[in-house]
Amino acid sequence: MVSALPSNPPRPSPLYWLSNRPYLLLSLASLFWAGNIVLGHYAAGHVPPMTLSCIRWAGAFLTLLPFAWPHLKRDWPALRERLPLLVVLSATGFAINNALSYWGLQYTQALNALLIQSSGPLFVALWSLVFGMRLTGAQFIGIAISLAGVFTIILRGDFAAIASIRFNKGDVMVAGALLAFGLYSALMPRRPATHQLSLIAFTTGCGALLLLPFSVWEFSAGLTLKPDLLTIATLIFVVIFPSVLAYLCFNRGIALIGPNRAAPFFHLMPVFGSVMAILLLGEQPRLFHLIGYALVLAGVVIASRPTSAG
C-alpha cells in the first residue's frame, strides 16, 4: 500500500505575514505619520485645525470601539480610578498635540514641521528629566546638539535672528505640539495596567471630547469645512492611516522588537515626508533643513546609545 504524500503546509495569510515584520510595520507607521504632516499642510484652509483634530480622534474612537468594547467594560474600574491621569494623557497626547500640529501647518512648510518632528525623543528626554529620571553626560550632550538642530530649523539657519525673536509661529506651534507629546510620553509609564485597546479607545474618545468646544468655536467664527473632494479625502485619510493603522503598526512593532529598537524609526518621517513635500507640494529643500536634521539626528543617536541609558 502506497502511503499518501504529505500535503503542503498552508501558507500564512498576508496579514499574518505583515504582523510579524516589525521593520516593515514601523516603517509604515512613520510613512503614515509623515503623510499626515504633508496632507495637513496641503489641506490648510479646507479643514479648520481644531475641527480636523476633533474629527480625526472621534473617527478613530468609533473605528476602534467595536474591537475595544469588551476590554473597556472589563478595564473600566481601573480606568476610572486613574481618571485625572487619563484626561491629562488625552489632552497632551491627542488634543493639544494634534491641534497645535494642524494649526502650525497653516503657517510653516511641511518640511520644517517634519524636521522639527524628528526631535521628538529630545522632548521626551526633557520631560523625563523633570520627572526625576537622571540623565548621563552623553544624554546631556545629545540634547544640546538636538536643540541646536531644532533652532537651526526654526531660525532658518540665521542665528542672528534670535536677537530679534522673530520665530515663525507655525514652527513654534509644531514645537509646542512636541512639547505636549513629550509630556504624554513621560507620563505613559504611570498609566493603569489595562489592555492597550482600552487605553487607546478611551484616550482617543476623551481627546475628541476635549477638542469639541474648540471645534464649535471655529464653526461659530465662520471657519467651516469646505465641501469638496479634498476635504473628504483628508478626513478619510487622517482617521484611517495616521490614527488607527499607524498606532496598530507601531504598537505591534514595539511588541516584537521593543521600544528602544523601535524609536529610531521616527527619523524615517522626515525622509518620507520630504519626498512627499517636494513631489506633492513643490517645496524646495534648503541647506538649513539638511544641517538642522543632521544635528537633530546626531544628538538623538548620541543620547540613545546603549551606554548612555540612565
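Residues numbered from 1 in each chain as written. Predicted model: local features only at pLDDT ≥ 70, side-chain atom pairs only at ≥ 80, totals over all residues. Heavy atoms only, no water.

Caption draft 1: Summary view of the overall build of the chain. If you tally the helices and strands in the chain, you get 13 helices and 0 strands. Ordered by position in the sequence, the α and β elements of the chain form the string α-α-α-α-α-α-α-α-α-α-α-α-α. The burial tally for the chain puts 47% of its 310 residues in the buried class. Taking as baseline every contact in the chain between residues at least 6 positions apart, the subset at least 24 positions apart corresponds to 89%. When the accessible surface of the chain is totalled, it reaches about 16000 Å², and 72% of it is carbon and sulfur. (Helix = DSSP H or I, 4+ residues; strand = E, 2+ residues; numbered from the N terminus. Buried < 20%, exposed > 50% of the residue type's maximum accessible area, 1.4 Å probe, protein only. Contact = heavy atoms within 4.5 Å. Areas by Shrake-Rupley, 256 points an atom, 1.4 Å probe, with all protein chains shown as cover.)

Caption draft 2: Structural view of helix α6 (residues 120–130). Here α6 has its buried residues at G120, L122, F123, A125 and S128. Directly beyond the C-terminal end of α6, a positive phi value near 95° is found at G132.

Caption draft 3: Geometry of the environment of W76. Relative to the helices and strands, W76 resides in helix α3 (residues 49–81). In the structure, W76 is positioned 123 residues away from L199 in sequence and 10.0 Å away in space, judged by C-alpha atoms.

Caption draft 4: Quick peek at a nonpolar patch on the surface. A cluster of nonpolar side chains, L229, I232, I236, I240, L245 and L248, forms an exposed patch at the surface whose accessible area comes to about 550 Å². Along the chain, L248 turns up in helix α10 (residues 229–257). Judged by relative accessible area, which is 40%, L248 ranks as partly exposed. (Patch = residues over 30% accessible without salt bridge, like charges linked within 9 Å, V, L, I, M, F, W, Y side chains within 5 Å. Salt bridge = Lys/Arg side-chain N within 4 Å of Asp/Glu carboxyl O.)

Caption draft 5: Inspection of the layout of surface pockets at higher detail. The space that makes up the second largest pocket amounts to roughly 290 Å³. Around the second largest pocket, the lining residues are L15, L18, S19, L25, Q196, L197, L245, L248, C249, N251, R252 and A255. Residue assignment for the lining of the second largest pocket shows that the elements contributing at least two residues are α1 (14–19), α9 (196–220) and α10. Of the residues forming the lining of the second largest pocket, the biggest block, 6 residues, is contributed by α10. (1 Å grid on protein atoms, 1.4 Å probe; cavity = no way out; pocket = protein on both sides within 12 Å on 5 of 7 lines; lining within 4 Å. Points joined across faces, edges and corners; volume = space filled by probe spheres on them.)

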